[in-house]
Amino acid sequence: MKIQQFIKSLNNTEIGKGGTHECYVLVSKKVSNIENIFDATNHQPTFINLKNGGVLDSVHITSGREFRINGLGDFYRNNNVNAGDEIAFERRDDGTKTEFFINLNTKENTIIFQKNTRGFEVLNSDRLVQLISGNSYQGEVNYNGSSGLLVIEFKESAKKRSDSPDETDFYSISFNGQDILKDLKSNESLELSNSILRKVVVWQEYSINL
């Protein structure tokens, strides 16, 4: 039995909260095994949901300039998917048949902060509202192996781009008095969960022979 997996931490654009309202997974060109999981003969796979045994047959693959796993709207809506949740695609080959499975790791108590030139955008702002008081929050967290004071402060509301239809709220984040914006590259994200602040692992891939 050969098992291949691809796991992706989802962002707001992928779950339909961006300007296009499309529901998909964008796969980085750095993912080496994705075209082995979804080879040319399996661009319209039928998935078995590992949580409930249901069948998902709306998925279709597009490749070329971008590799996308499309047709996930119903799956996202039925599972109330939020930014930071992890979706897992799995292919199993036993020598006689090939099967595909889908799963979701829901991170209900996780707040996602994505780096922008203006500061950090909160991808699930409804969760920050429950935490923040006024325009700021302070609390003890663990970050990069050290314990210290986390401070989140509202900076401004502004358009991310000149053609953006709406303004976005941006925040500053400091740890022990040091601005940590420079710790991340453009569009990288942080997750805050259970008093631990860490960089989001955007994707993972695995291949196992049993």
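Summary of the structure given here.

Scoring rules and cut-offs
- Residues numbered from 1 in each chain as written.
- Predicted model: local features only at pLDDT ≥ 70, side-chain atom pairs only at ≥ 80, totals over all residues.
- Heavy atoms only, no water.
- Phe/Tyr/Trp six-rings, centres within 6.5 Å; stacked < 30°, edge-to-face > 60°.
- Helix = DSSP H or I, 4+ residues; strand = E, 2+ residues; numbered from the N terminus.
- Buried < 20%, exposed > 50% of the residue type's maximum accessible area, 1.4 Å probe, protein only.
- Salt bridge = Lys/Arg side-chain N within 4 Å of Asp/Glu carboxyl O.
- Pairing = 2+ DSSP bridges.
- Axes fitted to C-alpha atoms, helices over the stretch in contact; angles between N-to-C directions.

1. Remarks on the packing of aromatic side chains
Logical step 1: Counted by the stated rule, this structure contains 8 aromatic pairs.
Logical step 2: Taking 6.1 Å as the distance between ring centres and 75° as the angle between the ring planes, the aromatic pair formed by Phe-38 and Phe-89 counts as edge-to-face. Here Phe-38 is found in the loop between α1 (34–37) and β3 (47–49), whereas its partner Phe-89 is found in strand β7 (residues 86–93), with 51 residues between them in sequence. Taken individually, Phe-38 and Phe-89 each receive the classification buried, so the pair is uniform in this respect.
Logical step 3: For the pair Tyr-143 and Phe-175, a centre-to-centre distance of 5.3 Å together with 65° between the ring planes defines the contact as edge-to-face. Residue Tyr-143 is located in strand β11 (residues 136–143), and its partner Phe-175 is located in strand β13 (residues 168–175); the two are separated by 32 residues in the primary sequence. A single burial state applies to Tyr-143 and to Phe-175, both of which are buried.

2. Focus: the pattern of salt bridges
Logical step 1: Enumeration over the complete set of coordinates arrives at 14 salt bridges.
Logical step 2: Salt-bridge contacts for Asp-93 lead to Arg-91; the nearest nitrogen and oxygen are separated by 2.8 Å. Across the pair, exposure class does not vary: Asp-93 and Arg-91 are buried alike.
Logical step 3: A single network of salt bridges, built from pairs that share partners, joins Glu-86, Lys-107, Glu-191 and Arg-198.

3. A word on the sheet that holds strand β5 (residues 60–62)
Logical step 1: Pairing in this open sheet of 3 strands is antiparallel, and the strands run β2-β6-β5 from one edge to the other. Across the chains shown, the open sheet's two edge strands, defined by having one partner strand only, are β2 (24–27) and β5. For this sheet, the mean inter-axis angle between neighbouring strands, taken without regard to orientation, is 20°.
Logical step 2: Here β5 pairs with strand β6 (residues 67–70) via 3 bridges, running antiparallel. Residue pairing in the sheet places Ile-61 in a bridge with Ile-69 of β6.

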